[in-house]
Amino acid sequence: MKMRASKHILPKPAPALTGGTPWLLGIALLAGAFVRLWMLGAHSLLIDEAFVAVGARDILRNHTPMWDAISNAPFVWSVGQLLGLRGLADPTLLRLPAAIAGVATIIPLYFLTRRMFGARVASASAILYALHPFAVAFSRVLFSDPFQVFFILCGWLAFDRILFSKTSGWPGIRNMSIVALIWALAFLAKYNAVVPGALWLLAGVLAGRYRVGPAVACLAAMALGAIATLAIWPYDAPIWLSAFLEKGGSYNVTLSAFYFESKLHLVLFGASEVILFAAIAIALRAREMRAQSLGHSALFILGYLVTVIFLGRTFERYLLVCVPLGCMLLAGLSAYAIQELIAAKRRWLRAGIALVLGASIGIFLMGAYKSYRSYWTYLKNDTDASAIARTVTDLEHDGRHGYWLIPEPIGAYYLGFSQYYSRAAGIDAQDSLADFNHFEFSAQPYSGERTPYSVLEVRRLARQWGVGRLASMPGAFIRAAMAWRDTVEAPRIGSMDYFTSTALHSRDILIMQCGLRDVQGEPILEPIDTQQLPPSFTRLPLDRFQVYRTFRPEGLSLTADTTMDSVRAGSWILLRK
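This report concerns the structure included in the present document. (Residues numbered from 1 in each chain as written. Predicted model: local features only at pLDDT ≥ 70, side-chain atom pairs only at ≥ 80, totals over all residues. Heavy atoms only, no water.)

Some remarks on the sheet that holds strand β6 (residues 545-551)
Then, in step 1: In space, the four strands of this open sheet follow the order β1-β5-β7-β6, with mixed pairing throughout. Each edge of the sheet is formed by a strand with only one pairing partner; in this case those strands are β1 (402-405) and β6. Here the strands of the sheet are splayed against their neighbours by 25° on average, with no regard to which way each runs.
Then, in step 2: Of the pairings in the sheet, the one linking β6 to strand β7 (residues 570-576) comprises six bridges and is antiparallel in character. Bridge pairing in β7 links R549 to I573. (Pairing = 2+ DSSP bridges. Helix = DSSP H or I, 4+ residues; strand = E, 2+ residues; numbered from the N terminus. Axes fitted to C-alpha atoms, helices over the stretch in contact; angles between N-to-C directions.)

The structure is reproduced here in structure tokens:
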């Protein structure tokens with residue numbers, strides 16, 4: 001149901017762009033650059049960061065066309081071409097493009113907010129986003145999301161310039177070309193970019209800011225831009241689509257709903273729900289352009305949350321695209337409240353508005369403070385991964401084999417180790433340690449891992465079909481590839497308990513890690529739940545091993561047993577007796 005009737009009526013003109021303080025945009029950019037670049041390499045690479053680095057290194061060294069056609073392969077290729085092998089070996093340089101993208105996102109956010117709310121609100125939104133701990137943390141890691149959010153904001157700005165103006169009409173070829181190009185880049189950063197693009201258009205129509213016909217034309221241009229990128233790699237694109245469809249139905253919707261309900265506070269902290277519903281309430285009651293803009297932003301956030309829940313995803317990074325709109329909402333509602341405060345004639349009404357406004361801003365500031373405190377703890381809570389790498393590599397020169405007891409060994413591979421490492425098989429412990437299983441006891445050799453289907457075989461099948469047949473019948477090809485995959489018997493994953501198994505020979509290496517740095521694969525913005533702790537080092541069946549070396553975060557005693565501590569990281573190199 002539309003929040004404002006807008007049939008066949010051109011949108012009202014954008015607000016006046018004067019009267020603000022554009023120089024505040026410069027302050028926001030400087031502040032955003034400082035908090036994103038300071039101590040950029042302080043923490044070891046996360047799993048997904050190392051995954052991108054390994055893929056980019058593989059493309060440069062082995063000239064793999066699209067690195068086994070993973071779904072974000074263009075992004076991985078771009079990182080490799082931009083940084084080269086030397087850059088991929090330096091964690092600070094590796095993260096630098098993401099930090100720059102995070103700072104650059106402030107610019108389209110400023111101009112989009114300026115169109116929707118005016119220059120003063122735009123300046124406030126830019127400063128809020130520049131310092132928002134969620135945006136800062138995810139601009140300091142090499143995920144594709146910061147790059148995609150930059151292009152998404154540029155795409156929304158292009159939509160708004162076309163669909164909300166004094167001369168708004170049917171978009172021309174030039175405008176459609178710009179839209180297609182921007183959203184093609186967003187799609188190349190990450191294949192789900194069309195979701196926030198389509199939802200922004202839908203929210204604009206429901207809020208009465210966009211007309212249906214031109215919005216549909218923009219949607220078509222966006223879709224054509226995404227499809228055009230697939231044509232560049234015709235034999236890899238079907239594999240991306242298969243991965244997208246397979247992932248879309250492989251998660252638990254109920255679990256996702258509980259997850260995002262518990263994570264929504266990361267956007268606007270304790271005021272998230274109140275601010276969202278206040279924006280919708282104002283949009284339903286008021287008729288001015290600012291109210292429409294509030295409704296547009298709030299409806300997008302709600303629609304996006306419903307969509308990601310339906311897809312069943314459970315990663316904090318999927319909330320990143322909501323953060324700039326959250327900052328826009330907070331600044332816009334604050335400006336609206338100040339306007340109402342000035343206009344209010346009754347003292348009790350003025351007091352009430354001031355109380356609500358102060359409480360909302362106070363809650364946001366308190367939430368930001370707590371998140372920064374947790375993030376600072378996370379940055380300091382790290383062991384020297386490069387020192388661990390050097391130590392294990394030196395031991396391997398004597399013919400030993402190393403095994404990692406962590407869910408993913410890709411970080412070890414990035415550090416230059418061989419692929420003879422263990423990957424978690426997901427086998428639960430069957431004894432009293434089952435309740436404390438924060439790192440895997442059962443695993444398989446990493447070099448023996450096999451995917452359920454061969455990407456090269458699927459690519460070969462695509463070549464047999466030809467580009468024309470692929471373009472005309474993509475669904476049929478996906479079904480054919482899936483049918484072929486189902487005929488291939490996936491190898492059974494052998495598992496073993498490395499504490500008690502004889503698979504480890506004398507003098508082989510067992511590397512154990514636990515603590516905050518390994519509990520999650522994303523930056524830590526809130527305290528870790530302390531109800532479930534890793535197993536105590538003294539309780540583990542380690543009589544067959546001797547401790548070769550212990551690693552702790554800086555300033556922590558090497559003799560401290562951190563295995564019962566969910567905050568402080570710990571790493572051990574054990575040798576089989």
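Now that the structure has been shown, we can carry on.
What to know about helix α4 (residues 91-104)
Then, in step 1: Taking 1.5 Å per residue as the helical rise, α4 with its 14 residues ought to reach 20 Å, and the 20 Å between its terminal C-alpha atoms agrees with that figure.
Then, in step 2: Along α4, the helix axis deviates most sharply at P97, where the bend reaches about 30°.
Then, in step 3: What α4 keeps buried is the set L94, R95, P97, A98, A99, A101, G102 and V103.
Then, in step 4: If you check the start of α4, you find a side-chain oxygen 2.9 Å away from the backbone N of T92, and it comes from D90. (Expected span 1.5 Å × (residues − 1). Bend = angle between axes of the 7 residues up to and from the residue. Buried < 20%, exposed > 50% of the residue type's maximum accessible area, 1.4 Å probe, protein only. Polar contact = N/O pair within 3.5 Å; in protein donor to acceptor, adjacent residues only side chain to side chain.)

A few points about the packing of aromatic side chains
Then, in step 1: For the structure on display, the rule yields 16 aromatic pairs.
Then, in step 2: Between F75 and F147, the aromatic rings sit 5.2 Å apart at their centres with planes inclined by 55°, giving tilted as the arrangement. Here F75, found in helix α3 (residues 73-88), pairs with F147, found in helix α8 (residues 145-163); they are 72 residues apart in sequence, far enough to count as distant. Note on accessibility: F75 and F147 belong to one class, buried.
Then, in step 3: Pairing F134 with F138 gives two aromatic rings, centres 4.8 Å apart and planes at 20°, and the pair type is stacked. Linking F134 with F138, this pair stays in helix α7 (residues 133-138), spanning four residues, or about one helical turn.
Then, in step 4: The class for F134 is buried, based on a relative accessible area of 1%.
Then, in step 5: The cationic tip of R209 hangs over the ring face of F164; the distance from NZ or CZ to the ring centre is 4.2 Å. (Phe/Tyr/Trp six-rings, centres within 6.5 Å; stacked < 30°, edge-to-face > 60°. Lys NZ or Arg CZ within 6 Å of the ring centre and 35° of its normal.)

A few points about the environment of F477
Then, in step 1: Within the element layout of this structure, F477 appears in helix α23 (residues 474-487).
Then, in step 2: Judged by its relative accessible area of 1%, F477 is buried.
Then, in step 3: Considered as a pair, F477 and V458 are 19 residues apart in the sequence and their alpha carbons are 9.7 Å apart.

Concerning empty space enclosed by the protein
Then, in step 1: For the structure shown, the criterion picks out four cavities of 30 Å³ or more.
Then, in step 2: What lines the largest cavity is a set of 16 residues, among which Q148, N192, Y304, V308 and Y318 lie closest to the centre.
Then, in step 3: Broken down by element, the lining of the largest cavity gets its largest block of residues, four residues, from α8.
Then, in step 4: Residue classes in the lining of the largest cavity are distributed as 10 nonpolar, two polar and four charged. (1 Å grid on protein atoms, 1.4 Å probe; cavity = no way out; pocket = protein on both sides within 12 Å on 5 of 7 lines; lining within 4 Å. Points joined across faces, edges and corners; volume = space filled by probe spheres on them. Nonpolar A, V, L, I, M, F, W, Y, C, P; charged D, E, K, R; others polar.)

Some details on a nonpolar patch on the surface
Then, in step 1: Among the surface-exposed residues, F34, W38, M39 and W376 lie close enough to one another that they form a single nonpolar patch of about 420 Å² accessible area.
Then, in step 2: Take W376: it is sitting in helix α18 (residues 347-380). (Patch = residues over 30% accessible without salt bridge, like charges linked within 9 Å, V, L, I, M, F, W, Y side chains within 5 Å. Areas by Shrake-Rupley, 256 points an atom, 1.4 Å probe, with all protein chains shown as cover. Salt bridge = Lys/Arg side-chain N within 4 Å of Asp/Glu carboxyl O.)

So, the pairing of β7
Then, in step 1: Most of β7 sits out of view: seven of its seven residues are buried.
Then, in step 2: Residue alternation in β7 divides its side chains into two sets, G570, W572, L574 and R576 and S571, I573 and L575, and both sets are buried.
Then, in step 3: Sheet topology note: the strand β5 (residues 509-514)/β7 ladder contains six bridges and is antiparallel. Note that in β7 the partner of M512 across the bridge is W572.

Some thoughts on the nonpolar core
Then, in step 1: Grouped together as the largest cluster of nonpolar side chains are 94 residues, with contacts concentrated most on W156, F159, V179, W183, W200 and F300.
Then, in step 2: Sorting elements by how many residues they give to this core places helix α16 (residues 289-311) first, with 11 residues.
Then, in step 3: Counting 16 residues, the second-largest nonpolar core is a separate cluster that includes L45, L88, L94 and A189. (Core = buried A, V, L, I, M, F, W, Y, C linked by side-chain atoms within 4.5 Å.)

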